[in-house]
Amino acid sequence: AQRVTQPEKLLSVFKGAPVELKCNYSYSGSPELFWYVQYSRQRLQLLLRHISRESIKGFTADLNKGETSFHLKKPFAQEEDSAMYYCALRRGANNLFFGTGTRLTVIP
Amino acid sequence: DVKVTQSSRYLVKRTGEKVFLECVQDMDHENMFWYRQDPGLGLRLIYFSYDVKMKEKGDIPEGYSVSREKKERFSLILESASTNQTSMYLCASSLQGEGYGYTFGSGTRLTVV
């Protein structure tokens, strides 16, 4: 069975500090992972996907199959990063299993 | 340039009513999904569809049904609304295949009283 664990419901960091949002997964197949973000009063949107190996808004995430993790990182947090973040795992043909989310607050 | 449109932003219904939530996408996506979003529980998949007239149960289909008569439209139906179905409902769509993310609608907050 698949599982996506985001251990922190709430995370607060100061502006300019590094931030890491944790995501661990369990999946028997070849994993494909995503990070989604929801800013206040906006719709949920794709932040990044592991197969693209891209950096979006300064965020990066590396798939670590040995540790079954896909942590989201940013070296210097900005106030506009405050949002709800969801890690998601693709399963089967094409549907996503989401974690429970982490609310990030960046303190000015 | 709204791509996934949910017909209602807020909805209040009475227990036992039949409720229809509508979702329309204009991106010619094959896949469409309905999730509910609850604090502390994240997003949970109710139903999804990968083609017209096709539907698959998600993780929490009980008490719900869906309809996809046209490619662009995916409807979620609560046969007899109950208070535990009070939630934010999110519709999403995507292309087929690996690597494609979802495009989400803005959500419908349903309150069942």
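Before any of the text, the structure's been laid out above.
Residues numbered from 1 in each chain as written. Chains lettered and ligands numbered in written order. Predicted model: local features only at pLDDT ≥ 70, side-chain atom pairs only at ≥ 80, totals over all residues. Heavy atoms only, no water.

Here we come to the overall build of chain A. A count of helical and extended segments in chain A gives zero helices and eleven strands. What you see in chain A, going N to C, is helices and strands ordered as β-β-β-β-β-β-β-β-β-β-β. In terms of C-alpha radius of gyration, chain A reaches 13 Å, essentially the compact-globule figure of 13 Å for 108 residues. By principal-axis analysis of the C-alpha atoms, chain A measures approximately 40 × 30 × 25 Å. Buried positions account for 45% of the 108 residues belonging to chain A. Of all intrachain contacts in chain A linking residues separated by at least 6 positions in sequence, the fraction that spans at least 24 positions is 57%. With the model as given, the accessible surface of chain A reaches about 5400 Å², and the carbon-plus-sulfur share is 50%. Put simply, chain A has 15 plus and 9 minus side-chain charges, and the middle of one group is 7 Å from the middle of the other. (Helix = DSSP H or I, 4+ residues; strand = E, 2+ residues; numbered from the N terminus. Rg over C-alpha atoms; globule rule 2.2 N^0.38 Å. Buried < 20%, exposed > 50% of the residue type's maximum accessible area, 1.4 Å probe, protein only. Contact = heavy atoms within 4.5 Å. Areas by Shrake-Rupley, 256 points an atom, 1.4 Å probe, with all protein chains shown as cover. Lys, Arg positive; Asp, Glu negative; His and termini not counted. Charge placed at Lys NZ, Arg CZ, Asp CG, Glu CD.)

Time to look at the packing of aromatic side chains. A complete count under the given rule lists 16 aromatic pairs over all chains for this structure. When the centroid spacing of 4.2 Å and the interplanar angle of 20 degrees are considered together, the rings of Phe33(B) and Tyr102(B) count as stacked. Taken together, the positions of Phe33(B) in strand β4 (residues 31–38) and Tyr102(B) in the loop between β9 (87–94) and β10 (103–104) put the pair 69 residues apart, joining distant regions of the chain. Tyr102(B) sits in the buried class, given a relative accessible area of 4%. Feature note: the residues Phe34(A), Tyr36(A), Tyr86(A), Phe98(A), Phe33(B), Tyr35(B), Phe48(B), Tyr102(B) and Phe104(B) constitute an aromatic cluster, connected by ring pairs. It is Arg9(B) that lies over the ring of Tyr10(B); its NZ or CZ is 5.6 Å from the centre. (Phe/Tyr/Trp six-rings, centres within 6.5 Å; stacked < 30°, edge-to-face > 60°. Lys NZ or Arg CZ within 6 Å of the ring centre and 35° of its normal.)

Here the focus is the interface of chain B and chain A. Often, the extent of an interface is quoted as the loss of accessible area on bringing the components together. The interface of chain B with chain A comprises 26 residues on the first partner and 20 residues on the second. If you sort the residues of chain B by the area they bury against chain A, Gly99(B), Tyr102(B) and Phe104(B) come out on top, with a joint share of 29%. Between the two partners, chain B and chain A, sit one salt bridge. For Arg91(A), the salt bridge identified is with Asp59(B), shortest N-O distance 2.6 Å. The interface formed by chain B and chain A contains eight residue pairs in polar contact (both at pLDDT 80 or more). Elements with a contribution of two residues or more to the side of chain B that touches chain A: β4, β5 (42–49) and β9 of chain B. The residue inventory of the side of chain B that touches chain A, partitioned by class, reads 13 nonpolar, eleven polar and two charged. (Buried area = accessible area lost by both parts, 1.4 Å probe. Salt bridge = Lys/Arg side-chain N within 4 Å of Asp/Glu carboxyl O. Polar contact = N/O pair within 3.5 Å; in protein donor to acceptor, adjacent residues only side chain to side chain. Nonpolar A, V, L, I, M, F, W, Y, C, P; charged D, E, K, R; others polar.)

This paragraph deals with the sheet that holds strand β3 (residues 19–25) of chain B. All names here are of chain B. Overall, antiparallel pairing links the four strands, which are arranged β1-β3-β8-β7 in an open sheet. Edge positions in the sheet fall to β1 (4–6) and β7 (64–70), since each of these pairs with one other strand and no more. Neighbour-to-neighbour, the strand axes of this sheet turn through a mean angle of 20 degrees, independent of strand direction. As defined by bridge partners, β1 adjoins β3 across three bridges and the pair is classed as antiparallel. (Pairing = 2+ DSSP bridges. Axes fitted to C-alpha atoms, helices over the stretch in contact; angles between N-to-C directions.)

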